[in-house]
Every structure is written in structure tokens, then in C-alpha cells.
Amino acid sequence: MTDRVLLYVYAVAAGGAELDDVASQVTGIDGAAVCRVAGPGGLAALASPVDALRFAEDTLPAQLEDLDRLESIARAHHTVVDAAFSRATVLPLRLATVYRDEAGVVGMLSDRQVSFERLLHTLHAHAEMGVKVYALAPAESGPKSLAAGEGTDSPGRAYLQRRRAQRRAADDVYRAASEAADAAVRLAERHSSARAVHRPQQNEWSAGRGENVANDAYLVPVASLDVFRADIAALSDPASGVVVEVTGPWAPYSFAGPAAVGAEEPA
């Protein structure tokens, strides 16, 4: 490892040969080879070399503000994590977690050995499932005659009537979506061991799906994935303006907790 290279760490896991297989089958940031860095007690990290100049503390923010570059980094990161998730229990680390060299990675694994082992035990045979609830925008309310102002005192009065009807319809849909979100929590908690509440996605992220009312993640035993999906998806009722979306299974990004350790400052 030279001064011009840092180690980018994707995830922590427990394993040996299976992680070596994963490392041999994927590439990391900028197409770099992935390697397993062994730590104490069977812990290991999946890592790859990255340009120290690009991932230095003062230059990294520019990369993360470049949406195309950020997407490239995120795709490579998730590719490595998901490949490891298919073979072992993993703790995904946050984007752009870098260390000076292998000694720094081993030190991180040693310092956090107890918490990593505890988390890996909790996450074993579990996967993350996402649940999003949307309130669809109601169709424009009121007869076309009102829209044209026919049979009313004025086009202005017709407009106000139509807007009031739209607001009432929107309130009804939002209320129904909120009730579905509450029902989803009750059902999901029967089949899961943990819940993570995320901020609802903004309109630009949920375009075409209406307003995102709830955006949660659940840690679900692998044996319960199918029943979890079926029970939650059954709450969807597009005719009433409510859409419930269930995604996954994913690596447990929302439940890595202490695994998202801070990056060591580059030399």
C-alpha cells in the first residue's frame, strides 16, 4: 500500500473462503480488485484500493456532490455488499469509509470486535425489507359542467367549488393512507425483530406514486419473508388511493448501527 492509495471498506462479515470467493467475483470502486482483510475472531472486511487524492478529506466532498460520480460509487459499494450478503451475514459500512492501509482496517475490526460480533449475531438469518405507503393524488373532482362554469353563477364560483371538492378528496385519501401505514406497522411488527423509521421521500423521489406517507424498514427472519411480503402488500388499495410497496430482501443497511464507523482521516 503506497501513500497514493487508501483502502475503501465496504462491509464487515464473519467468514473466510466464502468471502474470498465473493472478492474474486466482484470489482469495487473504479473497477479495483476487492480483497478480504482478516481481523480477530473470524471477523473480516471487504475492501479495495482507491486513489488517495480523490478520497482525501478535502477532495471527497466534491465527488459526493457530483451526482454521476456519487451514483458510480454507490453502485460499486452496493454491488460488493449485496454479493457478500448472498454468501454471509454482513454489516454494510457507510459510503466512503476509508483507511490508510490494512493495519488501519485490522485496528478497526479489533477495536469494534465485540459490537461487530453482537450485531452479526442479531442479523444472522435476517434480511431488510422496505415498506412504503403512498397516498395517490385524487382525480380532479366535480362534473365537467362545473369546470366550464355551466349552471353556476360564475366561472369563479365553479372553480372554488371544484377546488373544495379536490381538497376533501385529497384529505380522504391521505387519511386512508395514514390508516394503512398504521396497519402496516402492526402487521410488520408481528413478523420482524426490529424497525427503522426513515423520513418520507420527497416528491422528486416518489414521482408517479403520489405522496409518500410512510417509509420504514424492518429486520425480518429469512423464514418469514414471504408471509411478511404477502401480509403487508395486501393493505394496498389503489381504488381508495392507497398504494403499499414492499421491497427487498436487502442487506441490512438500516440495521448496521455501530458498523457505520467513522472513517479514519487519511494521512
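Look a little higher up for the structure.
Quick caveat, the model's predicted, so the values are computed rather than measured.

(A) Seen up close, the pattern of salt bridges. Following the criterion strictly, the structure yields seven salt bridges and no others. Linking Arg54 and Asp30 is a salt bridge whose minimum nitrogen-to-oxygen distance equals 3.9 Å. Note that Arg54 is positioned in the loop between strand 3 (43–51) and helix 2 (60–65) and Asp30 in the loop between helix 1 (17–25) and strand 2 (35–38), a separation of 24 residues in sequence. Overall, Arg54 belongs to the partly exposed group, its relative accessible area being 36%. Residue Asp30 is classed as partly exposed on the basis of its relative accessible area of 49%. Two residues, Arg195 and Asp216, come together in a salt bridge whose shortest N-O distance is 3.0 Å. In this pair, Arg195 is assigned in strand 7 (residues 194–198) and Asp216 in strand 8 (residues 211–221), connecting sequence segments 21 residues apart. Taking relative accessible area as the criterion, Arg195 reaches 37% and is therefore assigned partly exposed. Connected via shared salt-bridge partners are Asp30, Arg54 and Arg69.

(B) Focus on helix 4 (residues 102–111). Regarding helix 4, the residues found buried are Gly104, Val105, Met108 and Leu109. An end-on view of helix 4 places all buried positions within 140° of arc, on one side of the element. Away from its buried face, by an angle of more than 90 degrees, helix 4 presents the exposed residues Ala103 and Asp111. Buried positions along helix 4 lie against strand 1 (5–14), strand 2, strand 3, strand 5 (98–99) and helix 5 (113–123). At the N-terminal boundary of helix 4, the capping side chain belongs to Asp101, with an oxygen 3.2 Å from the backbone nitrogen of Ala103.

(C) How the structure looks around the layout of surface pockets. Considered as a void within the structure, the largest pocket measures approximately 760 Å³ in volume. Every residue lining the largest pocket is counted, 23 residues in all, and those nearest its centre are His78, Glu128, Lys132, Gln201 and Tyr253. Contributions of two or more residues to the lining of the largest pocket are made by helix 3 (67–85), strand 6 (126–135), strand 8 and strand 9 (242–250). A per-class count over the lining of the largest pocket returns seven nonpolar, eight polar and eight charged.

(D) Geometry of the sheet that holds strand 8. If you trace the four strands from one edge of the open sheet to the other, you get 7-8-6-9, paired in antiparallel fashion. Both outer strands of the open sheet, strand 7 and strand 9, are each paired with one neighbouring strand and no more. Each adjacent strand pair in this sheet contributes to an overall mean axis angle of 20°, direction not counted. Here strand 6 runs beside strand 9; their pairing, made up of seven bridges, is antiparallel. Considered in strand 9, the bridge of Tyr134 is made with Val243. Sheet strands in contact with helix 8 (residues 225–233) are strand 6, strand 8 and strand 9, and its direction is about 165° off that of strand 9.

(E) Molecular detail of the nonpolar core. Of all hydrophobic cores here, the largest spans 28 residues; its most connected members are Tyr8, Ile29, Leu46, Val50 and Phe55. Going through the elements one at a time, strand 1, helix 1, strand 3 and helix 3 are the ones with two or more residues in this core. Of the residues forming this core, the biggest block, six residues, is contributed by helix 3. Other than its neighbours up to four places away in sequence, Tyr8 contacts Ile29, Leu46, Ala47, Ser48, Val50, Phe55, Ile73, His77, Leu95, Ala96, Thr97 and Val98. By size, the runner-up hydrophobic cluster in this structure holds 23 residues, among which are Val173, Ala180, Ala188 and Ala214.

(F) Seen up close, helix 3. With 19 residues, helix 3 extends 26 Å from end C-alpha to end C-alpha; this agrees with the ideal 27 Å at 1.5 Å per step. Looking only at helix 3, the buried set comprises Arg69, Ile73, Ala74, Ala76, His77, Val80, Val81, Ala83 and Ala84. As for helix 3, its buried residues are in contact with strand 1, helix 1, strand 3, helix 2 and strand 4 (90–92).

(G) Main features of the side chain of Arg69. Tracing the backbone through its elements, the reader meets Arg69 in helix 3. Within the local environment of Arg69, its side chain forms a polar contact with the side chain of Asp30, the two groups lying 2.7 Å apart. One polar contact links Arg69 to Gln63, side chain to side chain, over a distance of 2.5 Å. The residues touching Arg69, leaving out its near neighbours within four places in the chain, are Ile29, Asp30, Arg54, Phe55 and Gln63.

About the criteria used
- Residues numbered from 1 in each chain as written.
- Predicted model: local features only at pLDDT ≥ 70, side-chain atom pairs only at ≥ 80, totals over all residues.
- Heavy atoms only, no water.
- Salt bridge = Lys/Arg side-chain N within 4 Å of Asp/Glu carboxyl O.
- Helix = DSSP H or I, 4+ residues; strand = E, 2+ residues; numbered from the N terminus.
- Buried < 20%, exposed > 50% of the residue type's maximum accessible area, 1.4 Å probe, protein only.
- Arc of directions from axis to C-beta.
- Contact = heavy atoms within 4.5 Å.
- Polar contact = N/O pair within 3.5 Å; in protein donor to acceptor, adjacent residues only side chain to side chain.
- 1 Å grid on protein atoms, 1.4 Å probe; cavity = no way out; pocket = protein on both sides within 12 Å on 5 of 7 lines; lining within 4 Å.
- Points joined across faces, edges and corners; volume = space filled by probe spheres on them.
- Nonpolar A, V, L, I, M, F, W, Y, C, P; charged D, E, K, R; others polar.
- Pairing = 2+ DSSP bridges.
- Axes fitted to C-alpha atoms, helices over the stretch in contact; angles between N-to-C directions.
- Core = buried A, V, L, I, M, F, W, Y, C linked by side-chain atoms within 4.5 Å.
- Expected span 1.5 Å × (residues − 1).

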